[in-house]
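Fold and geometry: a report
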Amino acid sequence: MPVTDDDELREILSLNRVAVVGCSTTPGKDAHEIPKYLIDKGYDVVPVNPFADEIFGREAYDSLADVPGEIDIVDVFRPSEEVSDIVDAVLEREDVQVVWLQLGIHDDDAVERAESAGRRVVQDRCMKPTHQRLLG
């Protein structure tokens, strides 16, 4: 079952390095504004977008496999039909603790695979209002 408990969400939000799959270069889009908010709150945001070289002055990577160093959370801003492949990429890494599927994004089968592999999943919930509500 995806995480819904406030205490567990607080624990997840205490993690630091967030790879944002589908991070956008376009101001005003949620996939740009939410990662910017996370940076402003002190998170180490790693943009993952194969169509960008740099976002927020940070190197953008083509895929999760290309991201160097450890990742705590993979925050997904891609359509639900892409979640299965993203979870596959997460499961190829040993470091990712949490898959966070943004509001409107869900794939119950992929969630079950991630959880069976020991990863926590937050589904259909936006990080920004969750952060504002729990950590303000």
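Scroll up to find the structure this text is about.
Model, not experiment: these values are computed from the prediction.

Cut-offs applied
- Residues numbered from 1 in each chain as written.
- Predicted model: local features only at pLDDT ≥ 70, side-chain atom pairs only at ≥ 80, totals over all residues.
- Heavy atoms only, no water.
- Helix = DSSP H or I, 4+ residues; strand = E, 2+ residues; numbered from the N terminus.
- Rg over C-alpha atoms; globule rule 2.2 N^0.38 Å.
- Buried < 20%, exposed > 50% of the residue type's maximum accessible area, 1.4 Å probe, protein only.
- Contact = heavy atoms within 4.5 Å.
- Areas by Shrake-Rupley, 256 points an atom, 1.4 Å probe, with all protein chains shown as cover.
- Lys, Arg positive; Asp, Glu negative; His and termini not counted.
- Charge placed at Lys NZ, Arg CZ, Asp CG, Glu CD.
- Arc of directions from axis to C-beta.
- Polar contact = N/O pair within 3.5 Å; in protein donor to acceptor, adjacent residues only side chain to side chain.
- Core = buried A, V, L, I, M, F, W, Y, C linked by side-chain atoms within 4.5 Å.

**Quick look at the overall build of the protein chain**
- A tally of regular secondary structure across the protein chain gives five helices and seven strands.
- Secondary structure elements of the protein chain occur, N-terminal to C-terminal, as α-β-α-β-β-β-β-α-β-α-β-α.
- Compactness check: the protein chain gives a C-alpha radius of gyration of 13 Å against a globular reference of 14 Å for 136 residues, within 12% of the reference.
- In terms of overall dimensions, the protein chain has C-alpha extents of about 35 × 35 × 25 Å along its principal axes.
- In the protein chain, which comprises 136 residues, the share counted as buried stands at 49%.
- Expressed as a percentage of contacts within the protein chain between residues at least 6 apart in sequence, the contacts between residues at least 24 apart total 63%.
- Accessible area for the protein chain stands at about 6800 Å²; split by element, carbon and sulfur atoms hold 44% of it.
- Taken as two groups, the 14 positive and 30 negative side-chain charges of the protein chain have centres that lie 7 Å from each other.

**Quick word on helix α4 (residues 108–116)**
- Among all positions in α4, only Ala 110, Val 111 and Ala 114 are buried. For α4, the arc enclosing every buried residue in end-on projection is 100°, short of the 170-degree limit, so these residues lie on one face. Residues of α4 that are exposed and point more than 90 degrees away from the buried face comprise Asp 108, Asp 109, Glu 112 and Ser 116.
- Contacts made by the buried residues of α4 are with α3 (83–91), β6 (98–101) and β7 (120–122).
- Measuring from the side-chain oxygen of the N-cap residue of α4 to the backbone nitrogen of Asp 109 gives 3.1 Å; that N-cap residue is Asp 107.
- Among the residues trailing α4, Gly 118 stands out with phi positive, at a value near 90°.

**Some remarks on the nonpolar core**
- By size, the foremost hydrophobic cluster in this structure holds 25 residues, and its most contacted members are Ile 12, Leu 38, Ile 73, Trp 100, Val 122 and Met 127.
- Breaking this core down by element, the ones donating at least two residues are α1 (6–13), β1 (17–21), α2 (30–40), β6 and α5 (127–135).
- In terms of residues, this core owes the most to one element, α2, which gives four residues.
- Ignoring anything within four residues of it in the chain, the contact list for Val 122 reads Val 3, Leu 9, Ile 12, Val 98, Val 99, Trp 100 and Leu 101.

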